[in-house]
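# Working through the structure, step by step
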Amino acid sequence: MSKSIFKLTAIAVSLVAFVLPTAALSASKPVTSAEVTGSMPDKLSVSNANVFNRLLKKVNDPNAAPDKDGIHDTANEGTHALQAPKVAYEGLPTTEFGNHIDWVQALNSGKLDPRYDREDPEVEPFVMDLDIVRPVKASVPDVVFPHKPHTQWLHCSNCHPKIFIPQRNTNQINMSAILLGKKCGVCHGKVAFPPTTKSCKKCHSKPKDADWTPPLSNATVKNPWR
Amino acid sequence: MKALTEHSSVWKMALFGLLVWVGVLSAPQQAQAEYADVVINNYADAAGMRPVVFPHWYHRIRFRCKVCHADLGFKFKAGGNKITMAKIIDGKFCGACHNGEISWSVENCGMCHSGIPGTPTHISGSTVQRLVAPAYKELDKKAQ
């Protein structure tokens, strides 16, 4: 199914790839109409340095099978015995980042029930339902740290006291630390869902009051011309 | 004359379209290992073994983080646990499960040692690696 969609897209892309340059080329011929001649030649003269995706890297298949993922050696026979993520993910709720699986939903819907003990499948996790709100100075919604999904997966000792002192608002946290792999970033951006444009609101989940405005910077407050 | 020009332009169009098509199809495809796959290569390469690839996604379907990172004592650091085969056959780290009881046994070398030789220790798809430029370090100091 997804293969045929891929093929269709490939055909569509190649059609477009065929038609666009075709129009561009024929534009320089006298046969074509004046309005095309007016707009198209510019396209051909755009500098190569000014193309799209200079820094944007897109991933074509985020859940590639082991033998196509670029880190497994295809010459190794074991590689071909490994499971492809897509096979295991069948039927699990999806997201647009990380493993592209909503692991929290997968647990809560009962579609997944990983063991909390190495051997005994009956051991229940010690879940604590305590939300910690962290007001954010910036215009983004405030952060709500929910203990519930964390204690469903982890043990208190995974975070306390090494990563976070267990006391409300005593820990200094900011976004650059997270992006560099500290604080929440010890897990988020490595194994748990990563911070990307599409996931900001998972953590920044408490909208600001309607009358909230960002504080003015000193340079603006003191600006005599304001 | 007009027919001839049109004819040759058709050929040019076809050639150009074909070139673009070839270009699109042969453009380097961004290969991406599954998010959170850990390559462990402190010693493997030096000992002539392929690096180890540990799939987080596969294990977290079966076990919660707590089993490995609290009970079995895996530290949150790729390559930070100094795992060796001696420890594994003593039942530590991977050996706590890959013992022929909870999961298949250690003689299946190629299941774990499956990485491309020379791949350094790292975790795949991490935010730190994907940043276009390093995040602002000054701010980070305050949050240590």
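Residues numbered from 1 in each chain as written. Chains lettered and ligands numbered in written order. Predicted model: local features only at pLDDT ≥ 70, side-chain atom pairs only at ≥ 80, totals over all residues. Heavy atoms only, no water.

## Points about the overall build of chain B
The condition that has to hold: Numbering goes from the N terminus for both helices and strands, where a helix is a DSSP run of H or I of at least four residues and a strand is a run of E of at least two. Only heavy atoms matter for contacts: two residues are in contact if any of them lie within 4.5 Å across the pair. Each accessible area is a Shrake-Rupley result for a 1.4 Å probe, and residues are judged covered by the shown protein chains and nothing else.
Across its full length, chain B holds seven helices and three strands. Ordered by position in the sequence, the α and β elements of chain B form the string α-β-β-α-α-α-α-β-α-α. Of the contacts formed within chain B by residues at least 6 apart in sequence, a portion of 54% connects residues at least 24 apart. For chain B, the exposed area adds up to about 8500 Å²; of that, 65% sits on carbon and sulfur atoms.

## Digging into the packing of aromatic side chains
Condition: When two rings of Phe, Tyr or Trp (its six-membered ring) have centres within 6.5 Å they constitute a pair, described as stacked for plane angles under 30 degrees, edge-to-face for angles over 60, and tilted for the intermediate range. Note on classification: 1.4 Å probe, protein chains only; a residue is buried when its accessible area is under 20% of the maximum for its type, exposed when over 50%, partly exposed between these limits.
Per the stated rule, a full pass over the model turns up six aromatic pairs over all chains. Measuring from ring centre to ring centre gives 6.0 Å for Tyr-89 of chain A and Trp-103 of chain A, while their planes differ by 85 degrees; the resulting arrangement is edge-to-face. Highlighted residues: Tyr-89 of chain A in helix α4 (residues 85-89) and Trp-103 of chain A in helix α5 (residues 103-108), separated in sequence by 14 residues. Per residue, the accessibility class of Tyr-89 of chain A equals that of Trp-103 of chain A, and both read buried. With a centroid separation of 5.6 Å and 80 degrees between ring planes, the pair formed by Tyr-89 of chain A and Trp-57 of chain B is classed as edge-to-face.

## Quick notes on the side chain of Asp-142 of chain A
Residues and elements named next belong to chain A. For clarity, the threshold we go by: In protein, a polar contact requires one atom able to donate a hydrogen and another able to accept it; more generally it is a pair of N or O atoms within 3.5 Å, and residues adjacent in sequence count only if both atoms are side-chain atoms.
Within the fold, Asp-142 resides in strand β2 (residues 142-146). A distance of 2.8 Å separates the side chain of Asp-142 from the side chain of Lys-208, its partner in a polar contact. Contact partners of Asp-142, with chain neighbours within four places excluded, come to Val-133, Arg-134, Pro-135, Val-136, Cys-203, His-204, Ser-205, Lys-206 and Lys-208.

## A closer look at the sheet that holds strand β3 (residues 204-206) of chain A
One key point about sheets: their strands pair by backbone hydrogen bonds, in either a parallel or an antiparallel sense. All names here are of chain A. Worth spelling out the cut-off: Only strands joined by at least two bridges in the DSSP assignment are considered to pair. Only the stretch in contact is used when a helix axis is fitted, and all axes are lines through C-alpha atoms; the angle between N-to-C directions ranges over 0 to 180 degrees.
An order of β1-β2-β3 is seen for the three strands of this open sheet, with the pairing classed as antiparallel. Of all the strands in the sheet, just β1 (131-134) and β3 have a single pairing partner and so form its edges. Taking each pair of neighbouring strands and ignoring which way they run, the sheet shows an average axis angle of 55 degrees. Where β2 meets β3, two bridges bridge the pair, whose relative direction is antiparallel. The residue of β3 that forms the bridge with Val-143 is His-204.

Interpretation note: all reported values are geometric properties and have no functional meaning in isolation.
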